[in-house]
Structures are given as structure tokens and as C-alpha cells.
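# Fold and contact review
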Amino acid sequence: MKMPYTGSRNVPELSCGPDHVESGDLVRLIGDCGATVQSVSTVKLSPEQDSREYGEWHRMGLACGHLARLVAGHVRAGRFVVGLLGNCTALLGMLAGLQRSGGAAAAPRRVGMLFVDAHPDFNTPETTLSGMLGGMPVAVAAGLCLTRLRREAGLDPALATSSVVMAGLRDVDEKERELLEASRIETLSVEDLQTRSPRMHEQLDRLASTSDAVYVHVDMDVLDAAEVGGHPFAVPGGPSSDELAAALEIACGAAPTAALGIASTPPAGRDGDGSARRAAHRLILAAVRSAGHRGPSL
């Protein structure tokens, strides 16, 4: 499914990145893997919501609520969900959908997250240097800030920090690092991803043993900057898409892993020769192959 809303201020509200990824014949490529895409949905605000003079963050919370309902329905139907996300703030809707996928009368499911990003996105309004909401979504999900936004997305209770594993970090703000060190978040290095190290397996096994559903989230800036040159926050020293695809095959093959999110793919105008889109496809196809019998919902 495509989630174009970003919650960003002073820039276009809707990202063209999700459309760019899909436009590269993604549905056919998934079919070539032996899987069938069950549906392709795009998140939209209702006409009434869209007509109101809401701020960007409130609109993002409403959009994440719509995303959560779509995710929950597909997971209940036994499908592996692939989200093409405008940016990382959409992880709130992905997590909320998994949390609520047991049904309206069921208790919230225990959700774990493998967060693969060059940045931890663990700032709060008090620690952020940029003021960007896109640098805060993991902190929001963990209940450190912006409670209304989290609840509008449907994520309640907040995600325990012990249920988060971060991988590929290499650009962390000073105050953000202090928050991370005070949390129970575990981290994996770029080398752990590249080598599929024993530590990576240990952390995936731990998430699987403590979660009813696991969400794998990838910000495309985690990749080596040569593959995502059009990404405004690309950082040198990341894994190649082939290396990360091999890690995702392991992560998405585990039984509790129910969804993959690919966030912040540069749109066509910034993707030059299309290397970022090809990299996104490589990651998605690895996850779909690994998910096996579960018909993916895009």
C-alpha cells in the first residue's frame, strides 16, 4: 500500500516516492517471484478531513489512522503487507495496524520493530535540532512525546523500547544519543547487516520470542550513498542493497514478521538513473520471496 503523507512543514505534504517505486513495474516483478499482489491501496484523508484547516501533524495522525486500518485488515486476512511510505513518520500507522490486527474485541497485539535507518529518528521536540517530525517517529511510537499524534494513528499503548532493534545507525544527534542510551533499544551495526552476524540472528530471535507481530522498517538512506544519491539525508558507509536484501530475507522469513515498510525513496525527479528505485525493488522482492506463502498486499 502507498502512504504518501509525510507530516512535513514548508514542503509538499504528499511525497511522490511511493508512486515512483510502484511505477517501476513492481507488481509484475513480485509476480515473477511466484507471489500474487492481493491489492494496491493508497491512503487518503476523507473528504471532510481534507477540507478542514488542520495542521500538517494532525493530518499526518489522521492519515496514519487510515493506514493502520488497512494494515490490520490485510494482516487479519493472512497477507504479508508491504508499505511504500513517504517518510518514516508513517511507521506509526504500520505499527498501529499490527497492534490492532487481532480484531476490535481482541487485546492489542505485542508488536516488535526492526528499524533499519542511518538515523535513529529518536528525537523529541525538546531535543531536535531541525524541528523535523521525520526525526521523531520512533520516540513518538515509544511514548516519549506527541501523545496525541500517536493515539490518532491508533498506536496505544506505546511501543516498549525493549521491542525495538535499530540497525545501520551512523548519524546520531548528541541529545538523541542520550535518549537512546537511557532506553532499552538494542542496536546492530552496518557490519552486522552486511555479514548477517550471529548478533543479528540473536536479536531477531529475541524479537520473535517476545512479539506477536514484527514490523521491519527501512529508510532508504540506510543504504550506501552511491545507491540513493537523490536522498537528502544520505550518509556514507551504509550496506549495499544486495547486502541489505540478504539480511531482509532472514528478517522477513521469521513467522512473526507481518509487514515491511520502505520509506523515503527519492522520487523520479531526484532519482537520476533510477538506482534508488531499483534498490527499493531489490529489498521488497527479497522480503516477498522470504514471506513465501503469504500473498503480499501492496
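Described below are features of the structure shown in this document.

Rules behind the numbers
- Residue numbers run consecutively from 1 along every chain, following the written order of its sequence.
- Local features are withheld for residues below a pLDDT of 70 in this predicted model, meaning they are given only at 70 or higher, and side-chain atom pairs are given and counted only at 80 or more; totals for whole chains, interfaces and linings count all residues.
- The side-chain numbers reported here are obtained from all heavy atoms of the structure, hydrogens and water having been left aside.
- The secondary structure listing takes helices from DSSP runs of H or I that are at least 4 residues long and strands from runs of E that are at least 2 residues long, numbered from the N terminus.
- Between the two quantities, the radius of gyration covers C-alpha atoms and the globule rule is 2.2 Å times the number of residues to the power 0.38.
- Between two residues, a contact is recorded if the distance between any of their heavy atoms is within 4.5 Å.
- Per-residue and other accessible areas were derived by the Shrake-Rupley procedure at a 1.4 Å probe size, with only the shown protein chains allowed to occlude residues.
- Positive: Lys, Arg. Negative: Asp, Glu. His and the chain ends are not part of the count.
- Here the site of a charge means NZ on Lys, CZ on Arg, CG on Asp, or CD on Glu.
- Ring pairs shown here join Phe, Tyr and Trp side chains whose ring centres sit within 6.5 Å, with only the six-membered ring taken for Trp; geometry is labelled stacked below 30 degrees between planes, edge-to-face above 60, and tilted in between.
- Counting as a charge over the ring demands two things of the Lys NZ or Arg CZ atom: a distance within 6 Å of the ring centre and an angle within 35 degrees of the ring normal.
- Whether a residue is buried, partly exposed or exposed follows from its accessible area with a 1.4 Å probe, protein chains only, as a fraction of its type maximum: under 20%, in between, or over 50%, in that order.
- Strands pair, by our definition, only if DSSP identifies at least two bridges between them.
- Crossovers are described as right-handed under a simple rule: with the strands pointing away from the observer, the path leading from the first strand over the helix to the second runs clockwise.
- Salt bridges are identified by distance alone: a Lys or Arg side-chain nitrogen within 4 Å of an Asp or Glu carboxyl oxygen.
- Only buried residues count toward a nonpolar core. Its members are Ala, Val, Leu, Ile, Met, Phe, Trp, Tyr and Cys residues joined through side-chain atoms within 4.5 Å.
- We call two N or O atoms a polar contact when they sit within 3.5 Å, provided that within protein one can donate a hydrogen and the other can accept it, with sequence-adjacent residues counted only if both atoms are side-chain atoms.
- Here an angle of 0 to 180 degrees is reported between the N-to-C directions of two axes, which are lines fitted to C-alpha atoms, with helices fitted over the stretch in contact.
- Note on angle classes: values under 35 degrees are labelled roughly parallel, values over 145 roughly antiparallel, values of 65 to 115 roughly perpendicular, and the remainder oblique.
- By convention, the crossing between two helices is left-handed when the near helix turns anticlockwise from the far helix through less than a right angle, and right-handed when the turn is clockwise.

This part is about the overall build of the chain. Along the backbone of the chain there are 12 helices and eight strands. A compact globule built from 298 residues should have a C-alpha radius of gyration of about 19 Å, and the chain, at 17 Å, falls within 12% of that. Principal-axis analysis of the C-alpha atoms gives the chain an extent of 45 × 45 × 40 Å. Long-range contacts, defined here as pairs at least 24 residues apart, represent 72% of the contacts in the chain between residues at least 6 apart. Accessible area of the chain: about 11,900 Å², with a carbon and sulfur share of 49%. Across the chain, 28 positive and 35 negative side-chain charges occur, with their mean positions spaced 7 Å apart.

A full pass over the atoms with the stated rule returns zero aromatic pairs. Directly above the ring of tryptophan 57 sits arginine 9, whose terminal nitrogen or CZ lies 4.1 Å from the centroid.

Time to look at the pairing of strand β7 (residues 257–263). Burial within β7 is extensive, with seven of its seven residues counted as buried. Where strand β2 (residues 80–85) lies against β7, five bridges are found, and the strand directions are parallel. Across the sheet, the residue bridging to valine 82 is leucine 260, located in β7. Relative to β7, strand β6 (residues 213–219) runs parallel, the two sharing six bridges. The residue of β7 that forms the bridge with histidine 217 is glycine 261. Regarding topology, helix α11 (residues 241–253) serves as the crossover connection from β6 to the parallel β7, and that connection is right-handed.

With that settled, the discussion passes to the pattern of salt bridges. The final tally for this structure, using the stated rule, is 17 salt bridges. The closest approach of N and O atoms between arginine 110 and aspartate 212, which form a salt bridge, is 3.1 Å. On the criterion of sequence distance, the pair formed by arginine 110 in the loop between α5 (91–99) and β3 (111–116) and aspartate 212 in the loop between α10 (198–210) and β6 is long-range, its members being 102 residues apart. The partner of arginine 199 in a salt bridge is glutamate 186, with the nearest N and O atoms 3.1 Å apart. Of this pair, arginine 199 sits in helix α10 while glutamate 186 sits in strand β5 (residues 186–188); the two residues are 13 residues apart in sequence, bridging distant segments of the chain. Arginine 199 sits in the partly exposed class, given a relative accessible area of 30%. One salt-bridge network, in which partners are shared between bridges, spans Lys2, Asp19 and Glu22.

Right, let's talk about the nonpolar core for a bit. Core analysis: the biggest nonpolar cluster contains 50 residues, and Met3, Leu91, Leu92, Leu95, Leu98, Met113 and Tyr215 have the highest contact counts within it. Looking at this core element by element, the count peaks at nine residues for helix α4 (residues 56–76). With residues up to four places along the chain from it excluded, the contact list for leucine 95 reads Val111, Met113, Ala141, Leu155, Leu159 and Tyr215. Counting residues in hydrophobic clusters, the runner-up holds 43 residues, among them Leu188, Leu207, Val218 and Ala280.

Taking burial as the measure, the nine residues of α5 include nine buried ones, the bulk of the element. Where α5 is concerned, the buried positions are Leu91, Leu92, Gly93, Met94, Leu95, Ala96, Gly97, Leu98 and Gln99.

So, about the side chain of serine 15. Inspection of the secondary structure puts serine 15 in the loop between β1 (2–3) and α1 (17–23). For serine 15, a relative accessible area of 19% translates into the label buried. A distance of 3.0 Å separates a polar side-chain atom of serine 15 from the backbone nitrogen of glycine 17. Sequence-distant contacts of serine 15, defined by excluding residues within four places in its chain, comprise Pro4, Thr6 and Gly86.

Among the structural elements, alanine 246 can be located in helix α11. The class of alanine 246 is partly exposed, set by a relative accessible area of 23%. Here the alpha-carbon distance between alanine 246 and histidine 231, two residues 15 residues apart in the chain, equals 22 Å.

Within β2, six of the six residues are buried, leaving the element largely enclosed by the surrounding structure. The alternating pattern of β2 places Phe80, Val82 and Leu84 and Val81, Gly83 and Leu85 on opposite faces, both of which are buried. Relative to β2, β1 runs parallel, the two being bridged by two bridges. In the sheet register, methionine 3 faces β2, and the bridge partner there is leucine 85.

For the rest of this paragraph, the subject is the packing of α11 against helix α12 (residues 275–291). Between α11 and α12, whose axes approach to 8 Å, the crossing angle comes to 25 degrees. When the axes of α11 and α12 are compared, the pair comes out roughly parallel. As α11 runs across α12, the sense of the crossing is right-handed. For the pair formed by α11 and α12, the contact residues are Ser241, Asp242, Leu244, Ala245, Leu248, Glu249, Cys252 and Gly253 on the first element and Ala279, Arg282, Leu283, Ala286, Ala287, Arg289, Ser290 and Ala291 on the second.

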